Amino acid sequence: MTADQQQAKLVLEGLSKQYGNFTALEPTSLTVRNGEFLTLLGPSGSGKTTLLQMVAGLAEPSAGRLLVDGADWTYRPVNERGMGMVFQHYALFPHMTVAENVAFPLQMRKLSAAEVRSRIEETLRKVQLEKFSHRFPKELSGGQQQRVALARCFVFNPNVILMDEPLGALDKALREHMQLEIRRLHKEYATTVIYVTHDQEEALVMSDRICVMNHARVEQLGSPHQIYANPETLFAATFIGHSNVLKGKRDGSDGEFARVRTAGGTFCGRDMSRNQAGEVALVVRPEHMRIGETTSAEFDSVRGRLTDLVYVGVETRLLVALPDDSILTLRHDAAGEIPSIGQEIVTHWPKAAARVVA
Amino acid sequence: MSISHANPRPAAVRLGPIWLAVPAIALLAVFFLFPMARLFVLGIQDGATGGLTTEHYQRLLTTPVYWSILGITFRIAILTAVFSVLLGYPLALWLSRMHSSRQTIMALLVLLPFWTSYLVKTFAWMILLGNRGVLNTLFMDIGLLDRPLRMMYNELGVIIGMVHAMMPLAVLTMLPVMNGIDKRLTLAAGTMGAGRSERFWLVYFPLSVPGVAAAGLLTFITSLGFFIVPAFLGGRGQTMLAQTIITQVQELVNWAFAAVLASLMVVAALVAIWIYNRFFGLSTISGGGSDSTTPGNGPLRVAGQKILRTMAILSRPFDRFDTRPGATERGFRLYPVLMLTFLIAPIFVVFPIAFTSASSLQFPPPGYSLRWFEQYLTSPVWLSATLRSFGVAFATALFATVLGGLAALALARSRSRWNGAIFALMLAPMVVPRIVIAVGLFYLMAQLGLVATNTGLVIGHTLLAIPYCFITVGAVLKSYDWRLNQAAETLGAGRLTILRRVTLPLLRGGVISAALFAFVTSFDELTVAIFISGGLKTTLPKQMWDDMFLQLNPTLAAVSVVVMLLVMLILLAAQKIQK
Ligand SMILES: Nc1ncnc2c1ncn2[C@@H]1O[C@H](COP(=O)(O)OP(=O)(O)O)[C@@H](O)[C@H]1O
Ligand SMILES: [Mg+2]
């Protein structure tokens, strides 16, 4: 048994889902490590919920296998899996009080009344809801309902917790607060979490690893830093953080770099694409681009015209149009003088910071 | 100088939206509330002196036969309500699990028997259940029975007929509540370790209880005032209160005693409503969803939870029959087919009879002919009854839609403290047993000389149809975005233009369905017609009722077919328009 298998909590082997002729999830293989916080990140309709529901046992896979701790759980009934799940709009039972909601999973496990009571008390204290135990869900605010949903899930100490956009209905400030709260609970209970979101910032803040999904497929799986620094696909590069994109054709290689011929010139970058597609893109993060000319062989540069200035608080962004009408976003360093609109701008970046993706 | 620049505040008093409800309120006050009050007073008034007396109620107390009639009425109404809800629940559940487009189509199979005239349904059961009826013939032919089984003129016949008549109402009342239950709640319960039994009894069922209770209430109240089914399918031992009231008025002309019985019926209905309102709130009935049902923490709730937990434990052994998600659907399919067959198949028995060549109701017919349709179309009595029914139904549709629609508009736009009372008044004609309304109306119209006039019929039918129009238009108004009016105003449209160009086009579907429902309500109406339409001014249902008493004949089947096809057509039209 390899080390990777040993720490594997969940293994998906070619798991896929069809609805009639429609493919909601292409065959997907993926390993979730014991105790990690894995986020499924992708736009709406990319198959995140579908994947989560098959892991939970709420949807039956069309093909493939699901292994949990090495055992085949593909067709195990949902109520025998013992996984916790937090739903998007919480799915709190409206006819039960907060305490009764939280007690439900414990009662299903036939715990003694005394134990149920002490576990509810402890868990409600952890989510700061001890004063609300006799209220009904509709008598609570959105944030409080969210915390009840978390309590109801963590209370029975499941060793896998699945969360489907649990913060989607909250406003930004509350969402940021709850992100930290969920991370804290994850550490405290030392469980494995699969978390679904379409918010890239949320994914970056919370995850040990991110699984980027698009068009019913996994685009890339890696740590937040890996995905940000080394995107493997154009989708990953543009969905997470901002990227400047120069589309073009592959044009041989230059030492360790791949060369891309674009309308604005031929540039070099590290090749991340997994296939040898001819149509590729060179992507560079704005923070790697500097204004000004350079002659160093370690840099590439391009010429364009400043079309707009956008002030966003911490910095000013320059929008630069290239001859082929594509737009680059540059950051303006605090020191330099802000150029005026219409002015010609030259920008350069280290070849080592550019990535070639398909 | 500067003052002349200021816009003077318009001096005219603007009528609040609440005034739109006035025409409907006026009609209901004069022809519904007033006669009901009159009826109540008749029961405590000395016929000769006009003073107060308890003599009529004493007569009730001292005559055991009335006690037994009361007992029978309650027994049949309760049995009907229980069976309708019990048998209808799985059917409603099955419908609620479908995608909405499929559900709309399948629900037609429940709407069809719902809108089919009670007379037609009863007539069909008479053909089926008689000693030489379809079922007995069939059972004896295949050797299941060697002597005909008595299924009619006894309690069995009445209960079969009543449950058949009431189950569609029960299903259609429960369905919206079930549709409103968040499907993810049972899924969520599953992830927390709940098996099939617990998911149903601890999560789904309690959430569906408001629908169950509303269905029970409506079927109970409607059964309480029923007379068509017991009159034809019951024996002497199944005489119900409504039949007794009819006898008291029409044969014995004992108004005071009829008033006593009618008052009793209203009290029973009101008590049932009070109990219901106490626990669930009335909004479930009018389709307002179960938002007012925060259960208290009383002993009743604890007891309820205990019962549900016991039910979950008791049904748990059956969980293992199907655990895979797909299996649920497969095991669940036979029941709805059976129930839908029970609801629809009996009605269709009138078709072959209508085309029979024989002059008896023999089944299967010895040969086929069109002679009974010919008979119908050449009979001046039937034709004039048909024409009158059409005319009255058209007028009713017009008046009820306008009055009920305006009242719905009034309540949607007004925040008056009278809203609750007006709401209750608009629904009242649906909740008070029809027989009581009809008797009260008869008393008043006899004094006004409106008996046996079309005007009298239209007034009676309009007040019966107002609740349906009020609910239907109210439902579309609920989803109407009033900001559109503000948008139109900012674009320069006046009030009338807004009504004509924005509001009405958007509400059109609801308004047309309201009119169609009102039309069918009137076209099918018998209770008021029995009293108000007399002599030559008879309507189609009244003519059928009279004929069914005289003798069963295939002409009735032919008429039934015509009525059914017409109602079906209207129903389909309403369905199409509502999309
Ligand atoms: N029960 C279903 N029947 C048919 N199509 C479905 C069903 N559930 C999901 N889909 C489709 O599958 C695709 C993926 O859905 P989902 O997994 O919910 O996406 P996500 O959660 O990433 O937004 C969507 O296009 C959706 O319309
Ligand atoms: Mg989703």
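Values in this document were obtained by computation on a predicted structure and should not be read as measured data.

**Quick notes on the pairing of strand β2 (residues 22-33) of chain A**
All names here are of chain A.
Point 1. Pairing of strand β1 (residues 8-19) with β2 involves eight bridges; the strand directions are antiparallel. Bridge assignment links Leu-15 to a residue of β2, and that residue is Thr-28.
Point 2. Remark: two residues form the turn of the hairpin made by β1 and β2, two consecutive strands paired antiparallel; Gly-20 in that turn has positive phi of roughly 65°.

**A look at the nonpolar core**
Point 1. One finds Phe104(A), Ile435(B) and Phe531(B) to be the most contacted residues of the largest nonpolar core, which totals 258 residues.
Point 2. Setting aside residues no more than four positions away along its own chain, Phe531(B) makes contact with Ile246(B), Val249(B), Gln250(B), Ile435(B), Ala438(B), Val439(B), Phe442(B) and Val451(B).
Point 3. Core analysis: the next-biggest nonpolar cluster, separate from the first, contains 19 residues, Val302(A), Leu328(A), Ile345(A) and Val356(A) among them.

**Here we look at the domain arrangement of chain A**
All names here are of chain A.
Point 1. If you check the domain split of chain A, you get domain 1 (3-229) and domain 2 (242-287 + 301-357).
Point 2. Its C-alpha centre places domain 1 at a distance of 38 Å from the equivalent point of domain 2.
Point 3. Taken residue by residue, the interface counts four residues in domain 1 and four residues in domain 2.
Point 4. Between domain 1 and domain 2, the buried area comes to about 350 Å², and carbon and sulfur atoms account for 20% of it.

**A look at a nonpolar patch on the surface**
All names here are of chain B.
Point 1. Together, Val-267, Val-271, Trp-274, Ile-275, Phe-279 and Leu-300 make up an exposed nonpolar region whose accessible area comes to about 620 Å².
Point 2. The biggest single contributor to the nonpolar patch is helix α13 (residues 255-280), with five residues.
Point 3. Counting through the fold element by element, Val-271 comes out in helix α13.

**Brief notes about the site of ligand 1**
Residue and element names in this part refer to chain A.
Point 1. Taken together, Tyr-19, Phe-22, Ala-24, Pro-43, Ser-44, Gly-45, Ser-46, Gly-47, Lys-48, Thr-49 and Thr-50 are the residues near ligand 1.
Point 2. Within the contact set of ligand 1, an oxygen atom lies 3.1 Å away from a backbone nitrogen or oxygen of Ser-46.
Point 3. The side chain of Lys-48 places a nitrogen or oxygen atom 2.9 Å from an oxygen atom of ligand 1.
Point 4. Here ligand 1 loses 61% of its free accessible area of 560 Å² to cover by the protein chains.
Point 5. Examining the composition of the shell around ligand 1, we find that three residues originate from one element, helix α2 (residues 48-56), more than from any other.
Point 6. Of the residues in the shell around ligand 1, the class split is four nonpolar, six polar and one charged.

**What to know about the packing of aromatic side chains**
Point 1. Taken as a whole, this structure holds 33 aromatic pairs over all chains when the rule is applied.
Point 2. Taken together, a centroid distance of 5.9 Å and an interplanar angle of 45° make the contact between Phe200(B) and Phe205(B) tilted.
Point 3. With a relative accessible area of 23%, Phe200(B) lands in the partly exposed category.
Point 4. Measuring from centroid to centroid gives 5.7 Å for Trp255(B) and Phe442(B), while their planes differ by 40°, and the two rings are tilted. You can see Trp255(B) sitting in helix α13 and its partner Phe442(B) sitting in helix α21 (residues 434-448), a full 187 residues away along the chain. Each member of the pair, Trp255(B) together with Phe442(B), is buried.
Point 5. The rings of Tyr89(B), Phe200(B), Trp201(B), Tyr204(B) and Phe205(B) are connected pair by pair, giving a single aromatic cluster.
Point 6. Between the NZ or CZ atom of Arg76(A) and the centre of the ring of Trp73(A), over which it lies, the distance is 4.4 Å.
Point 7. Above the plane of the ring of Tyr228(A) lies Arg285(A), whose end atom (NZ or CZ) is 3.9 Å from the centre.

**What to know about the pairing of strand β10 (residues 217-222) of chain A**
Residues and elements named next belong to chain A.
Point 1. Note: strand β9 (residues 209-214) against β10, five bridges, orientation antiparallel. Looking at the pairing, Val-212 lines up with Gln-220 of β10.
Point 2. Hairpin remark: β9 followed by β10, antiparallel, with two residues in the connecting loop; positive phi at His-215, about 50°.

**What to know about the sheet that holds strand β19 (residues 344-350) of chain A**
Sheets are built from strands that pair by backbone hydrogen bonding, the pairs being arranged parallel or antiparallel.
Residue and element names in this part refer to chain A.
Point 1. Spatially, β15-β19-β16-β17-β18 is the arrangement adopted by the five strands of the open sheet, whose pairing is antiparallel. A strand with exactly one partner marks an edge of an open sheet, and here the two such strands are β15 (290-291) and β18 (327-332).
Point 2. With two bridges joining them, β15 and β19 adopt antiparallel strand pairing. Along β19, the bridge assignment pairs Arg-290 with His-348.

**Examining the pattern of salt bridges**
Residue and element names in this part refer to chain A.
Point 1. Scanning the model with the defined rule gives 27 salt bridges over all chains in all.
Point 2. Among the ionic pairs, Glu-279 bridges to Lys-249, the shortest N-O distance being 3.0 Å. With Glu-279 in strand β14 (residues 279-284) and Lys-249 in strand β11 (residues 244-254), the pair connects residues that are 30 residues apart, well separated along the chain.
Point 3. You can call Lys-249 partly exposed: its relative accessible area is 44%.
Point 4. A salt bridge links Arg-317 to Glu-315, with the shortest nitrogen-to-oxygen separation between them at 2.9 Å.
Point 5. Each member of the salt-bridge network shares a partner with another, and the members are Glu-122, Lys-126, Glu-181, Arg-184 and Glu-188.

**Description of helix α18 (residues 371-378) of chain B**
Residue and element names in this part refer to chain B.
Point 1. All of the buried residues along α18 are Trp-372, Phe-373 and Tyr-376. End-on, the buried residues of α18 take up no more than an arc of 100°, which puts them together on one face. Across α18 from its buried face, at more than 90 degrees, point the exposed residues Glu-374 and Thr-378.

**Some details on the confidence of the model for chain B**
Should the pLDDT be low somewhere, the predicted coordinates at that spot are not to be read in detail.
Point 1. Confidence in the prediction of chain B, expressed as mean pLDDT, is 86, and 92% of residues score 70 or more.
Point 2. This prediction of the complex comes with two scores: 0.83 for pTM and 0.79 for ipTM.

**As for the interface of chain A and chain B**
Point 1. Residue-level contacts link 29 residues of chain A with 28 residues of chain B.
Point 2. Both sides of the chain A and chain B interface together cover about 2500 Å² of buried area, and 61% of this is carbon and sulfur.
Point 3. Among the residues chain A hides against chain B, the three largest losses belong to Asn79(A), His95(A) and Met108(A). Together they make up 21% of the total.
Point 4. Summed over the shared surface of chain A and chain B, the result is one salt bridge.
Point 5. With its nearest N and O atoms 2.7 Å apart, the salt bridge here joins Arg301(B) to Glu100(A).
Point 6. Along the contact surface separating chain A from chain B lie five residue pairs in polar contact (both at pLDDT 80 or more).

**Describing unusual backbone geometry**
All names here are of chain A.
Point 1. Of note in the backbone geometry, His-215 takes a positive phi value of approximately 50° without being a glycine.
Point 2. Looking at where His-215 falls in the secondary structure, it is placed in the loop between β9 and β10.
Point 3. One non-glycine residue, Ala-216, adopts positive backbone phi at about 65°.
Point 4. For Ala-216, a relative accessible area of 5% puts it in the buried group.

**A word on the confidence of the model for chain A**
Point 1. Of the residues in chain A, 98% reach a pLDDT of 70 or more, and the chain-wide mean stands at 91.
Point 2. Within chain A, helix α1 (residues 3-6) of chain A has the poorest average pLDDT of any element, 52, and strand β3 (residues 37-41) of chain A the best, 97.

**Points about the sheet that holds β10(A)**
All names here are of chain A.
Point 1. Taken in spatial order, the six strands line up as β6-β7-β8-β3-β9-β10 in an open sheet, and their pairing is mixed. Every other strand in the sheet has two partners, leaving β6 (84-86) and β10 as the edge strands with one partner each. The mean angle between the axes of side-by-side strands here comes to 15°, regardless of whether they run parallel or antiparallel.
Point 2. Sheet topology note: the β6/strand β7 (residues 160-164) ladder contains three bridges and is parallel. Bridge pairing links Met-85 to Leu-162 in β7.
Point 3. Sitting on the sheet, α2 is in contact with β3, β6, β7, β8 (192-197) and β9, with an inclination near 150° to β7.

Scoring rules and cut-offs
- Residues numbered from 1 in each chain as written.
- Chains lettered and ligands numbered in written order.
- Predicted model: local features only at pLDDT ≥ 70, side-chain atom pairs only at ≥ 80, totals over all residues.
- Heavy atoms only, no water.
- Pairing = 2+ DSSP bridges.
- Helix = DSSP H or I, 4+ residues; strand = E, 2+ residues; numbered from the N terminus.
- Core = buried A, V, L, I, M, F, W, Y, C linked by side-chain atoms within 4.5 Å.
- Buried < 20%, exposed > 50% of the residue type's maximum accessible area, 1.4 Å probe, protein only.
- Contact = heavy atoms within 4.5 Å.
- Domains from an automatic or database assignment.
- Buried area = accessible area lost by both parts, 1.4 Å probe.
- Patch = residues over 30% accessible without salt bridge, like charges linked within 9 Å, V, L, I, M, F, W, Y side chains within 5 Å.
- Areas by Shrake-Rupley, 256 points an atom, 1.4 Å probe, with all protein chains shown as cover.
- Salt bridge = Lys/Arg side-chain N within 4 Å of Asp/Glu carboxyl O.
- Near = heavy atom within 4 Å.
- Polar contact = N/O pair within 3.5 Å; in protein donor to acceptor, adjacent residues only side chain to side chain.
- Nonpolar A, V, L, I, M, F, W, Y, C, P; charged D, E, K, R; others polar.
- Phe/Tyr/Trp six-rings, centres within 6.5 Å; stacked < 30°, edge-to-face > 60°.
- Lys NZ or Arg CZ within 6 Å of the ring centre and 35° of its normal.
- Arc of directions from axis to C-beta.
- pLDDT = per-residue confidence, 0-100.
- Axes fitted to C-alpha atoms, helices over the stretch in contact; angles between N-to-C directions.

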